[in-house]
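Below, each chain spelled out in residue letters.
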Amino acid sequence: MNDRERHDAGMTVRREVLGDAHVDRAIAGTDAFTADFQDFITRYAWGEVWTRPGLDRHVRSCVTLAVLAALHHDEELALHVRAALRNGLSPQEVAEVLLQVGVYAGVPAANRAFRVAREALRQEPGEA
């Protein structure tokens with residue numbers, strides 16, 4: 001796959017997982033300073049990793065939630081909680097992932113993640 005094909009595949013997955021509204025805002029906010037980064041995450045995060053056949057999107061969402069929660073990346077965690085719902089996770093499954101974080105990354109990390117996730121779950125499903 002060449003860079004253009006990787007970018008196109010990544011953009012398709014990115015839109016399916018995060019929603020058009022979020023992706024449209026990210027693209028609209030792209031400027032000369034951030035353009036290379038937007039291209040990088042579209043091609044590599046979305047076009048290389050999220051398109052691999054080894055894990056389905058449900059599992060990828062679980063892994064993503066756990067890592068973002070453990071590392072306290074709250075803004076990205078909220079985004080990916082909503083994306084996880086698009087990928088078929090239920091709110092109960094999100095909570096299970098965060099319980100797992102509590103055991104392996106610590107109660108403070110899970111406590112914070114539960115607060116972020118609860119707020120994200122209160123938002124409209126189409127919001128990202």
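In this text, all values refer to a predicted model and were calculated from it rather than measured experimentally.

### What about the overall build of the chain?
1) Next: Within the chain, the regular secondary structure consists of seven helices and zero strands.
2) Next: When its helices and strands are written in sequence order, the chain yields α-α-α-α-α-α-α.
3) Next: For 128 residues, the compact-globule estimate of 2.2 N^0.38 gives 14 Å, and the chain sits close to it at 15 Å.
4) Next: In terms of principal-axis extent, the alpha carbons of the chain reach across some 40 × 30 × 25 Å.

### Here's the deal with a nonpolar patch on the surface
1) Next: A grouping of L55, V59, V63, V67 and L71 is seen on the molecular surface, where their side chains present a nonpolar patch of about 390 Å² in accessible area.
2) Next: Secondary-structure assignment places V63 in helix α4 (residues 57-70).
3) Next: Using a relative accessible area of 44% as the deciding quantity, one classes V63 as partly exposed.

### A closer look at the pattern of salt bridges
1) Next: Under the counting rule described, the total for this entry stands at 10 salt bridges.
2) Next: When the shortest N-O distance is used, the salt bridge between D8 and R4 registers 2.9 Å. Here the residue D8 and the residue R4 both occupy positions in helix α1 (residues 3-18), the gap between them amounting to four residues, near one helical turn.
3) Next: You can call R4 exposed: its relative accessible area is 51%.
4) Next: In this structure, D74 engages R112 in a salt bridge whose closest nitrogen and oxygen atoms are separated by 2.7 Å. Of this pair, D74 sits in helix α5 (residues 74-86) while R112 sits in helix α7 (residues 107-122); the two residues are 38 residues apart in sequence, bridging distant segments of the chain.
5) Next: D74 gets classed as partly exposed once you look at its relative accessible area, which sits at 22%.
6) Next: One network of salt bridges, in which partners are shared, links D3, R6, D39, R43 and E48.

Quick notes on the rules
Residues numbered from 1 in each chain as written. Predicted model: local features only at pLDDT ≥ 70, side-chain atom pairs only at ≥ 80, totals over all residues. Heavy atoms only, no water. Helix = DSSP H or I, 4+ residues; strand = E, 2+ residues; numbered from the N terminus. Rg over C-alpha atoms; globule rule 2.2 N^0.38 Å. Patch = residues over 30% accessible without salt bridge, like charges linked within 9 Å, V, L, I, M, F, W, Y side chains within 5 Å. Areas by Shrake-Rupley, 256 points an atom, 1.4 Å probe, with all protein chains shown as cover. Salt bridge = Lys/Arg side-chain N within 4 Å of Asp/Glu carboxyl O. Buried < 20%, exposed > 50% of the residue type's maximum accessible area, 1.4 Å probe, protein only.

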